[in-house]
Structure formats: C-alpha cells, structure tokens
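Summary of the model geometry
Each chain, written out:
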Amino acid sequence: MSEIAFEDKMRIAVQEIQKWGLEYANYRPLADHLDELKKTILSSEILKYAEEAAWKAEAKARTSEAYLVHLDGLKVAHERANMAWAKLEAAKAKFDALRSLLSYEKKQMETFKE
C-alpha cells in the first residue's frame, strides 16, 4: 500500500473543511429557523383549544401531533448541524496538524543543510 503524498493530504484536508463547512452552513440556519418557528407552532396549536382553560390548552398543544413532529424535525436539524460542526472542527484540526508537521519538517531540512 503506497503512502499518500503530503501535498495530497493537505488537499484532502482542505476539501474536508470545505465539505463540512458547507454542510454546517446549510443545517445551522435550518435549525435556527425551526427554533424560531417553535413558538409560532405552539401558539397556533393552543388556538385550536381556545375554549379550554389556558393550562389545559397549552398541555394539549404541547402534545399535539403537529408540535411533536416539529420538535422531531428540530432535533434532526440540530443533530445534523452539530455533526457537521464537529466534523468541520476535526478537519480544521487535521489541517493544522499537517501544517505544523510541514513546518517542523521544513525546519529539520534547514537544520541539516547547515
């Protein structure tokens, strides 16, 4: 099995940063938007039970199918955004480690030339 060239490792690391950065950029606003809609959906569900006591209407709204489906979607969006962020940070760390290794090897080569 041949070892991947250092330049290729750097290129792959940059591609991973781009990939996960774009994925995070897609999922984060979706999760934020769903967060903002949570109260709106809850309010619209509460209005369906306006004839009941406020506490009872809220309890029914919080257990309504529409609200629970929204919460499930919110959970998935947050999970995907968090996963993309974690992978983005890992790709950045990998790139930084490769850059540090390159700097170290360059310094070693300069030392041995003298």
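Residues numbered from 1 in each chain as written. Predicted model: local features only at pLDDT ≥ 70, side-chain atom pairs only at ≥ 80, totals over all residues. Heavy atoms only, no water.

1. Brief notes about the overall build of the protein chain
Worth spelling out the cut-off: A run of H or I in DSSP becomes a helix once it reaches four residues, and a run of E becomes a strand once it reaches two; helices and strands are each numbered from the N terminus. For this measure, only C-alpha atoms enter the radius of gyration; the expected value for a globule follows 2.2 Å times N^0.38, where N is the number of residues. Note on contacts: a residue pair is in contact if any heavy atoms of the two residues lie within 4.5 Å. Residues scored as charged are limited to Lys and Arg (positive) and Asp and Glu (negative), so that His and the chain ends carry no count. Charged groups are reduced to one reference atom each: NZ for lysine, CZ for arginine, CG for aspartic acid, CD for glutamic acid.
When helices and strands are counted, the protein chain shows three helices and zero strands. When the helices and strands of the protein chain are listed from N to C terminus, the series reads α-α-α. Over its C-alpha atoms the protein chain spans a radius of gyration of 25 Å, topping by over 25% the 13 Å that the globule rule assigns to 114 residues. Principal axes of the C-alpha set define a box for the protein chain whose edges measure 90 × 30 × 15 Å. In the protein chain, the proportion of contacts linking residues at least 24 apart, taken out of those at least 6 apart, comes to 77%. Treating the 19 positive side-chain charges of the protein chain as one cloud and the 20 negative ones as another, the clouds have centres 1 Å apart.

2. Details of the packing of helix 1 (residues 6–47) against helix 3 (residues 65–113)
Note the threshold: Fitted lines through C-alpha atoms give the axes, limited to the stretch in contact for helices. The angle between two N-to-C directions lies from 0 to 180 degrees. An angle counts as roughly parallel when it lies under 35 degrees, as roughly antiparallel when it exceeds 145, as roughly perpendicular when it falls between 65 and 115, and as oblique in every other case. Handedness of a crossing follows from how the near helix is turned relative to the far one, being left-handed for an anticlockwise turn of less than a right angle and right-handed for a clockwise one. Each residue receives one of three labels: charged for Asp, Glu, Lys and Arg, nonpolar for Ala, Val, Leu, Ile, Met, Phe, Trp, Tyr, Cys and Pro, and polar for the others, Gly being one of them.
Direction vectors running N to C along helix 1 and helix 3 enclose 155°, while the axes themselves pass 7 Å from each other. By the criterion of interaxial angle, the relationship of helix 1 to helix 3 is roughly antiparallel. Of the two elements, helix 1 crosses helix 3, and the hand of that crossing is left-handed. Taken together, the residues that form the contact of helix 1 with helix 3 break down as 29 nonpolar, five polar and twelve charged.

3. Re the packing of helix 1 against helix 2 (residues 54–62)
Two quantities define a packed helix pair, namely the angle between the axes and the distance from one axis to the other. Between helix 1 and helix 2, the shortest axis-to-axis distance is 8 Å and the interhelical angle comes to 120°. Taken together, helix 1 and helix 2 sit at an angle that is classed as oblique. As for the relative orientation of helix 1 and helix 2, their crossing is right-handed in sense. The residues of helix 2 that touch helix 1, namely those facing Leu-42, Glu-45 and Ile-46, are Ala-57, Glu-58, Ala-61 and Arg-62. The class makeup of the residues in the contact of helix 1 with helix 2 is four nonpolar, no polar and three charged.

4. Overview of the pattern of salt bridges
The cut-off we apply is this: When a carboxyl oxygen of Asp or Glu lies within 4 Å of a side-chain nitrogen of Lys or Arg, that pair is called a salt bridge.
Tallying each qualifying case throughout the model produces ten salt bridges. Ionic pairing is found between Lys-48 and Glu-45, a salt bridge with its closest N-O pair at 2.8 Å. Lys-92 serves as the salt-bridge partner of Glu-89, at 3.2 Å between the closest nitrogen and oxygen. Linking Glu-89 with Lys-92, this pair stays in helix 3, spanning three residues, or about one helical turn.

5. Quick word on helix 3
One full turn of an α-helix is made of 3.6 residues, so residues set three or four places apart face in the same direction. Inclusion rule: By definition here, a helix of n residues has an expected span of 1.5 Å times n minus one. Residue burial is assigned from relative accessible area. The probe radius is 1.4 Å, only protein chains are included, and a residue is buried under 20% of its type maximum, exposed over 50%, and partly exposed in between.
The end-to-end C-alpha distance of helix 3 is 72 Å, a good match for the 72 Å that 49 residues give at a rise of 1.5 Å each. Residues of helix 3 that are buried: Tyr-67, His-70, Leu-74, Ala-77, Ala-81, Ala-84, Leu-88, Ala-91, Phe-95 and Leu-98. As for helix 3, its buried residues are in contact with helix 1 and helix 2.

6. Regarding the confidence of the model for the protein chain
The criterion, for reference: Each residue carries a pLDDT score, the predictor's own confidence in it, on a scale running from 0 to 100.
Per-chain confidence: the protein chain averages 91 in pLDDT, with 97% of residues scoring 70 or above. The spread of mean pLDDT over the elements of the protein chain runs between helix 3, the lowest at 91, and helix 2, the highest at 96.

7. Overview of the side chain of His-70
Examined against the element boundaries, His-70 turns out to sit in helix 3. Beyond its immediate stretch of four places on either side in the chain, His-70 contacts Leu-34, Leu-37, Lys-38 and Ile-41.

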